[in-house]
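Commentary on secondary and tertiary structure
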Amino acid sequence: DQQVKQNSPSLSVQEGRISILNCDYTNSMFDYFLWYKKYPAEGPTFLISISSIKDKNEDGRFTVFLNKSAKHLSLHIVPSQPGDSAVYFCAANGSWGKLQFGAGTQVVVTP
Amino acid sequence: GAGVSQSPRYKVAKRGQDVALRCDPISGHVSLFWYQQALGQGPEFLTYFQNEAQLDKSGLPSDRFFAERPEGSVSTLKIQRTQQEDSAVYLCASSTTGGGQPQHFGDGTRLSIL
């Protein structure tokens, strides 16, 4: 069963605007959440994470929000840049590090 | 470099052959993970090592899949009698500890079974 879901397979955003990526999960035991970015033919690259005891974490242009009651998290990228065009994966950790991933969202940043 | 290194990057094998995929984790990383990624999907967990101990192999699809990390550093994922459904990208990741720390991924091995 898919415990982490990214319901938007793709997102197109103009350069300079905000990108908002969404992720939903079903397992309330998940206690650590991560976002990864992936370019073609490369492995996923860690972007930002958040512990379940927080509701927001910020790192430069990237901010992750966690809503535990809704079992929802989102990634905001502001401002979006052409180099942000990639596939973004949401992942959740319930125990000792085993990650469960969503199917990914393809982001395209247009000039 | 200082990242996770995987070899080979690409592997083509005929159905029924055995293959071995290698992972060199980041030096000093205790935890090592293998994932399988099918086209258009997110990575799916296969197995987990803490040092040389394989603590979870619940994601291995069948007994044709075998992983080892004998000295607590380099790991090998072996697939025996390969089938077409084994075609995927196999990703290795390592982290300093198990939970609560980001995993750092290699670029993967793309396995194609003909």
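See above for the structure.
All of the points below concern the structure found in this document. This structure is a prediction, so every number in the text was calculated from the model and none was measured.

**Description of the side chain of R64 of chain B**
Residue and element names in this part refer to chain B. Counting through the fold element by element, R64 comes out in the loop between β6 (53-56) and β7 (65-68). Assessed through its relative accessible area of 11%, R64 is described here as buried. Among the polar contacts made by the side chain of R64, one reaches the main-chain carbonyl oxygen of R81 at a distance of 3.2 Å. At 2.8 Å, the side chain of R64 forms a polar contact with the side chain of D86. Apart from the residues within four sequence positions on either side, R64 is in contact with K78, I79, Q80, R81, T82, Q83 and D86.

**Describing the interface of chain B and chain A**
Taken residue by residue, the interface counts 23 residues in chain B and 18 residues in chain A. The largest share of the area that chain B buries against chain A comes from P43, P102 and F105 of chain B, three residues that together contribute 25% of it. Viewed at the interface, chain A and chain B are joined by zero salt bridges. The tally of links between chain B and chain A comes to five residue pairs in polar contact (both at pLDDT 80 or more). Looking at the side of chain B that touches chain A, the elements that each hand over two or more residues are β4 (31-37) and β5 (44-50) of chain B. Looking at the side of chain B that touches chain A residue by residue, the class counts come to nine nonpolar, eleven polar and three charged.

**Describing unusual backbone geometry**
Looking along the chain, the bond that leaves V78 of chain A and enters P79 of chain A is cis, with omega of -10°. A cis amide bond links S7 of chain B to the next residue, P8 of chain B, at an omega of -10°. Within the secondary structure, P8 of chain B is located in the loop between β1 (5-7) and β2 (10-13). The phi dihedral of A41 of chain A falls on the positive side, at around 65°, and the residue is not glycine. Topologically, A41 of chain A is positioned in the loop between β4 (32-38) and β5 (45-51). Residue class for A41 of chain A comes out partly exposed when judged on its relative accessible area of 48%. Phi at N51 of chain B takes a positive value of approximately 55°, unusual for a residue other than glycine. Looking at the element boundaries, N51 of chain B is found in the loop between β5 and β6. Its relative accessible area of 34% is what places N51 of chain B among the partly exposed residues.

**Some thoughts on the environment of F89 of chain A**
By the secondary structure assignment, F89 of chain A is in strand β9 (residues 86-93). Remark: the alpha-carbon pair of F89 of chain A and G104 of chain A, spanning 15 residues in sequence, is separated by 4.5 Å.

The rules we used
Throughout, residues of each chain are indexed from 1 in the direction in which the sequence is written. Lettering for chains starts from A, numbering for ligands starts from 1, and both go in the order in which the items are written. Per-residue local features are limited, in this predicted model, to residues with pLDDT of at least 70; the limit for side-chain atom pairs, both in listing and counting, is 80 or more; totals at the level of whole chains, interfaces and linings are taken over all residues. Remark: hydrogens and water are excluded; side-chain values derive from all non-hydrogen atoms of the structure. Runs of E in the DSSP output that reach at least two residues are strands. Runs of H or I that reach at least four are helices, and both are numbered from the N terminus. The buried label applies to any residue whose accessible area, calculated with a 1.4 Å probe on protein chains only, is under 20% of its type's maximum; exposed applies above 50%, and partly exposed to all values in between. Pairs of N or O atoms are called polar contacts if they sit within 3.5 Å, as long as, within protein, a hydrogen donor faces a hydrogen acceptor (for residues adjacent in sequence, only side-chain-to-side-chain pairs). Here a residue-residue contact requires only that any non-hydrogen atoms of the pair lie within 4.5 Å. The term buried area refers to how much accessible surface (probe radius 1.4 Å) is lost by two components on association, counted for both of them together. Salt-bridge detection follows one rule: a side-chain nitrogen of Lys or Arg within 4 Å of a carboxyl oxygen of Asp or Glu. Here the term charged refers only to Asp, Glu, Lys and Arg, the term nonpolar to Ala, Val, Leu, Ile, Met, Phe, Trp, Tyr, Cys and Pro, and the term polar to all other amino acids, Gly among them.

All we've got here are geometric facts, nothing functional implied.
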